[in-house]
Every structure is written in structure tokens, then in C-alpha cells.
Amino acid sequence: MDSVRSHLNEYVTALGRSPVRDLFEISLDPALISFAGGNPAPELFDVDGLAAAFSAVMATEGGRAMQYSSTDGEPEMREAAAKRTTEMGVPTSPDQLIITSGSQQGLGLLSQTLINPGDVVLAENPSFVSALQAFGLQGAEFKPVDTDEAGVIPEALESAIEKWHPKAVYLIPTFQNPTGITMSAERRRQVADILAASDTWLIEDDPYSELRFTEEQQIPISADQRLDDRAFLCNTLSKVLSPGLRVGWVRGPAHVLERMSAAKQANSLQTSTIDQLAAAYYLAHNDLQAKLDGVRAEYRARRDAMLEGLREGLPEGSAMTEPEGGMFVWARLPEGHDASALVYDAIRAGVVFVPGAPFYIAEPDPRTLRFSFVSNDPEHTREGLSRLGSVFDRG
Ligand code: PMP
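Residues numbered from 1 in each chain as written. Predicted model: local features only at pLDDT ≥ 70, side-chain atom pairs only at ≥ 80, totals over all residues.

## Quick look at the confidence of the model for the chain
Right, on to step 1. Of the residues in the chain, 99% have a pLDDT of 70 or more, and the chain-wide mean is 95.
Right, on to step 2. Prediction confidence for the complex, expressed as pTM and ipTM, is 0.96 and 0.99 respectively. (pLDDT = per-residue confidence, 0-100.)

## Let's talk about the packing of helix α3 (residues 47-65) against helix α10 (residues 273-285)
Right, on to step 1. Contact pair α3 / α10: the axes reach a minimum separation of 8 Å and the direction vectors enclose 125 degrees. The angle between the axes of α3 and α10 places the two elements in the oblique class. The way α3 lies across α10 gives a crossing that is right-handed. Along the contact surface, α3 presents Gly-49, Leu-50, Ala-53, Phe-54, Ala-56, Val-57, Glu-61 and Ala-65, while α10 presents Thr-273, Ile-274, Leu-277, Ala-278, Tyr-281 and Tyr-282.
Right, on to step 2. Among the residues forming the contact of α3 with α10, the class breakdown is 11 nonpolar, 2 polar and 1 charged. (Axes fitted to C-alpha atoms, helices over the stretch in contact; angles between N-to-C directions. Helix = DSSP H or I, 4+ residues; strand = E, 2+ residues; numbered from the N terminus. Parallel < 35°, antiparallel > 145°, perpendicular 65-115°, else oblique. Left-handed = near helix turned anticlockwise from the far one by under 90°. Contact = placed C-beta atoms within 7 Å. Nonpolar A, V, L, I, M, F, W, Y, C, P; charged D, E, K, R; others polar.)

## Examining the sheet that holds strand β7 (residues 168-171)
Right, on to step 1. Within the open sheet, the 7 strands sit side by side as β2-β10-β9-β8-β7-β3-β4. Their pairing is mixed. The open sheet is flanked by β2 (97-100) and β4 (141-145), the only strands paired with a single partner. Between one strand axis and the next, the sheet turns by 20 degrees as a mean value, whatever way the strands run.
Right, on to step 2. By the bridge criterion, 4 bridges tie β2 to strand β10 (residues 248-251) in an arrangement that is antiparallel. Bridging across to β10, Ile-99 finds its partner in Trp-249.
Right, on to step 3. Packed onto the sheet, helix α4 (residues 75-87) meets β2, β9 (231-236) and β10 and runs at close to 110 degrees relative to β2. (Pairing = 2+ DSSP bridges.)

## Comments concerning the domain arrangement of the chain
A common way to report how large an interface is uses the accessible area buried once the components associate.
Right, on to step 1. Under the domain assignment, the chain is made up of domain 1 (2-46 + 290-394) and domain 2 (47-285).
Right, on to step 2. On a C-alpha basis, the centroid separation for the pair domain 1 and domain 2 is 23 Å.
Right, on to step 3. Opposite the 31 residues of domain 1 that make contact, domain 2 presents 36 residues.
Right, on to step 4. Looking at the side of domain 1 that touches domain 2, the elements that each hand over two or more residues are α1 (10-14), α11 (288-313) and β12 (328-332). (Domains from an automatic or database assignment.)

## Describing the nonpolar core
Right, on to step 1. Core analysis: the largest hydrophobic core is formed by 101 residues, its most contacted members being Leu-202, Ile-203, Phe-232, Ala-279 and Phe-353.
Right, on to step 2. At 7 residues, α10 tops the list of elements feeding residues into this core.
Right, on to step 3. Apart from the residues lying within four places of it in its own chain, the contact partners of Phe-353 are Phe-35, Ala-36, Val-343, Ala-346, Leu-369, Arg-370 and Phe-371. (Core = buried A, V, L, I, M, F, W, Y, C linked by C-beta atoms within 7 Å. Buried ≥ 20, exposed ≤ 12 C-beta atoms within 10 Å, placed from the backbone.)

## Structural notes on the UniProt feature "domain: Aminotransferase class I/classII large" (unreviewed entry) in the chain
Right, on to step 1. Following the UniProt record, one finds the feature "domain: Aminotransferase class I/classII large" (unreviewed entry) at residues 56-387.
Right, on to step 2. As a span, residues 56-387 carries 42% helix and 16% strand, and end to end its C-alpha atoms are 46 Å apart. (UniProt positions renumbered as here; feature names shortened; annotations may be inferred.)

## Some thoughts on the sheet that holds strand β15 (residues 368-372)
Right, on to step 1. Sheet architecture is open: 4 strands sit in the order β11-β12-β15-β14, paired in antiparallel fashion. Unpaired on one side and paired on the other, β11 (319-320) and β14 (354-355) mark the two borders of the sheet.
Right, on to step 2. Strand direction decides the pairing type here: β11 and β12, joined by 2 bridges, are antiparallel. Pairing of Met-320 across the sheet is with Ala-331, part of β12.

## What to know about the site of the ligand
Right, on to step 1. Around the ligand sit 13 residues in total, of which Gly-102, Ser-103, Gln-104, Thr-236 and Ser-238 are the nearest.
Right, on to step 2. Ranked by residues supplied to the shell around the ligand, first place goes to helix α5 (residues 102-114) with 3 residues.
Right, on to step 3. The class makeup of the residues in the shell around the ligand is 4 nonpolar, 8 polar and 1 charged. (Near = placed C-beta within 6 Å.)

## A word on the pairing of β4
Right, on to step 1. The pairing of strand β3 (residues 120-124) with β4 spans 5 bridges and is classified as parallel. Across the sheet, the residue bridging to Glu-124 is Val-145, located in β4.
Right, on to step 2. Note that the unit made of β3, helix α6 (residues 129-136) and β4 has a crossover that is right-handed. (Right-handed = clockwise from strand over helix to strand, strands pointing away.)

## A few points about the pairing of strand β8 (residues 201-205)
Right, on to step 1. Extensive coverage of β8 is indicated by the burial of 5 of its 5 residues.
Right, on to step 2. Here β8 shows no split at all, with Trp-201, Ile-203 and Asp-205 on one side and Leu-202 and Glu-204 on the other all buried.
Right, on to step 3. As defined by bridge partners, β7 adjoins β8 across 4 bridges and the pair is classed as parallel. Of the residues in β8, the one forming a bridge with Tyr-170 is Ile-203.

## Side note on unusual backbone geometry
Right, on to step 1. In the segment running from Asn-125 into Pro-126, the intervening peptide bond is cis, with an omega of 10 degrees.
Right, on to step 2. Mapped onto the secondary structure, Pro-126 falls in the loop between β3 and α6.
Right, on to step 3. Geometrically, the link from Asn-177 to Pro-178 is a cis peptide bond, its omega value of 20 degrees lying close to zero.
Right, on to step 4. Tracing the sequence through the fold places Pro-178 in the loop between β7 and α8 (185-196).

## Here's the deal with helix α12 (residues 339-348)
In an α-helix, one full turn covers 3.6 residues, which means residues spaced three or four apart are oriented alike.
Right, on to step 1. Buried within α12 are the following residues: Ala-339, Leu-342, Val-343 and Ala-346. Buried residues of α12, seen end-on, are gathered within an arc of 115 degrees and therefore sit on one face of the element. Of the exposed residues in α12, those oriented more than 90 degrees away from the buried face are Ala-341, Tyr-344 and Arg-348.
Right, on to step 2. A positive phi of about 90 degrees marks Gly-350, the residue just after α12. (Arc of directions from axis to C-beta.)

## Some remarks on the environment of Ile-153
Right, on to step 1. Considering the arrangement of structural elements, one finds Ile-153 in the loop between β6 (151-152) and α7 (154-164).
Right, on to step 2. Judged by local crowding, Ile-153 falls into the partly exposed class, with 17 C-beta atoms found within 10 Å.
Right, on to step 3. Separated by 72 residues in sequence, Ile-153 and Gln-225 place their C-alpha atoms 22 Å apart.
Right, on to step 4. Residues in contact with Ile-153, not counting those within four places in the same chain, are Asp-146, Thr-147 and Asp-148.

Below, the structure is given as C-alpha cells:
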């Protein structure tokens, strides 16, 4: 007999869980060394600076900060977001973006605004699990685009567009999650050429580009003005300031932002007023770039410790990426290993990573796994990898 228990939305029923978030609870255990989450290092948060920003806002504009506010975002935060996007190489005015509760909400709203059930979305394979969830919830079908060490392969993108007639292409061109790979400038130009000649939306997700360890600044694909009528650039303060703030934004064509704003009204009314005002105050009164210099230096040392440890600790015949920024290293174990099975042995040994399989759009590679290198100082990274060594020896 049909039971009320099964009366759920079909896309929610089919939705996979994010192993990253499911492992989050486990990784709170202080005895465990976690390489699992994309969590910025909490000891590097500017807690004092943020506390001062919250206090100043409450002292001068407490009533406003505690009140409902606009769906599209407070003027100060839109101004700050436009300035940051412009500094990243994409000239932007405040009316070209809306504020979102983190870039995850941006992805969810874009999905609701652009996608009908059955629409095809192209993405790098593997890709960010929670983006797959956001678009999957709307009934999107993902198709993979082949990539190499310089990101999406232009010919593969061209033929995938021809074959699948996708509604949108979702890309994380800089320090990709989960692989850490960055698309070269040449590739970005080629991808822009292809998209400009297509009738496909571009959804460009760029949370990591400021966490770079070299001088070379990668300019988002959305900077190409030919894409102004079809490109959405998602950004966030999560990785550079604090993910607890839940402040991000989406830059895109005005007529679509207007519809996204209607979707946001239905979804959550608005982004937290106090968080926006405090974030905007912080950005206006602090030199974030100077503070980020310290964060980048520390993350770089942590990346080095991770790569060194993995070179020694991964079983003979493994491969891994060597990212120039961001948070993640992606590794592939030799033939015969299954990272999803090993994760439980790893947890018993006091260390946790994320198996690669859930990040895949097409056939998963069970030998892959993702390591976040930012959450632990070099000493803990070495200790965690030595615990993992015993697991690999057994595996
Ligand atoms: N996009 C990517 C590629 C991410 O890795 C993340 C966070 N892990 C997000 C979006 C979401 O970040 P937030 O909602 O905190 O801005």
C-alpha cells in the first residue's frame, strides 16, 4: 500500500548526500586528524577584527542590523562585493550583482532560476559535490567535460556542447574543488570563444582564487565582455574571511538577477543583515589583502608539508596534483585500491580524508581521494599522514 512515508519530492528522494558534510561531524572529534573538509584554518580567522566590526555596527546601527533588510543585499555589502570582483579582474558595479547567503545559495538560486527538469549541465569531472546536489535538486542531468592538467579541454567542451545542447556549463577554473587544478589563461580564452558562440549559460564558481601561492593572478572567464549576457560569477567571503558569516554574491545579467531575486524571496527572504553590515564594515576598515598575505604564507607551508608527506606516504605507483593555491590535493592510488573502503580503516587509525567517488559525474574512479591541506599545521599533517601510512600498508 502506498504510504505517506514515500510521498517525497522525486529529486530529493534521488539526492545523494555530500560525504564532505557527513564526515564533518566525525571530523569534530579532537582525537582525529581531519584532511576532509574544505574548512579554513580557524586559528587564522581574524576574530578580533570581526568582533570589532560586529561591535561597531551594533553600536552605531544596532536597530538596522537586527531588522529585516532587502533581498538583493545591503548597499554597503553590494558596494564591497563589486569592488572585490573588480579587483579580481572583472569590472563590476553594485547593480550587477546580488548578495547571497554564501556562494552555495548562489548555486541553488541559479539552479532554480535557469534549470528545468531534464536540462543538461556540463561540468568538470570530478566536480564540487554540493553543486551537483544544487542542480540535481532541480532535475538537472550532469554530463562530464574531459579535463587535463590545464583544466577543461576546449575540443571536449565544443563536442559536448554539440552533443548535449546543455543549458549551462558549470566550471571552477581556479584551484578546482576537488582536484586543485587551475585552468590556464590560454584555455580560459578558448573556453570563452566557445561559449560566446554557443547559447549556453556559464556558471563560474570562484571561491579559491585569492588563496594563491604565486604572483600569477588568474582572471575569471567571466571577465570576457562577450559573455556579459550569459556569464554568472559566484563568489564568497567564506574562504578568505569566514564561512560562518554566510556572505557571498552572484554577478550576472540584470534580467536574470531580477528573477533570482524573486527566487531568493521565496527561498530565504534575505541574507543576514548583521552579517552583511559587519562584513562590509570589516572590508572598509581593514586591509584584507595584507591579512591574506599571512594566511597564504601559512597555507603554502601547509601545502608543502602535505605534498612532501604524500610523496613519501602514498603507496608506490600513486599520483597526485600539486596545486599552486586553494585548499585541495587530489590523489589516485594504484590499481586495486578502493578509497571508499579505506576511509573507515583511516578513521579507526585516527585520520580522515574524503574518498573521491562521490565527486564524479560519470563512472567514478574508486582509487581517488581528496586531501584538504589547510586545516592542519605541518606537524599535524605529518602525524596524520603517518597514521594513514599504516592504513595504506594494510590496504
Ligand atoms: N563552491 C565551491 C567550489 C566550494 O568549494 C564551496 C565550499 N566548499 C562553495 C562553493 C560554497 O561556499 P560558501 O557557500 O561557503 O560560499
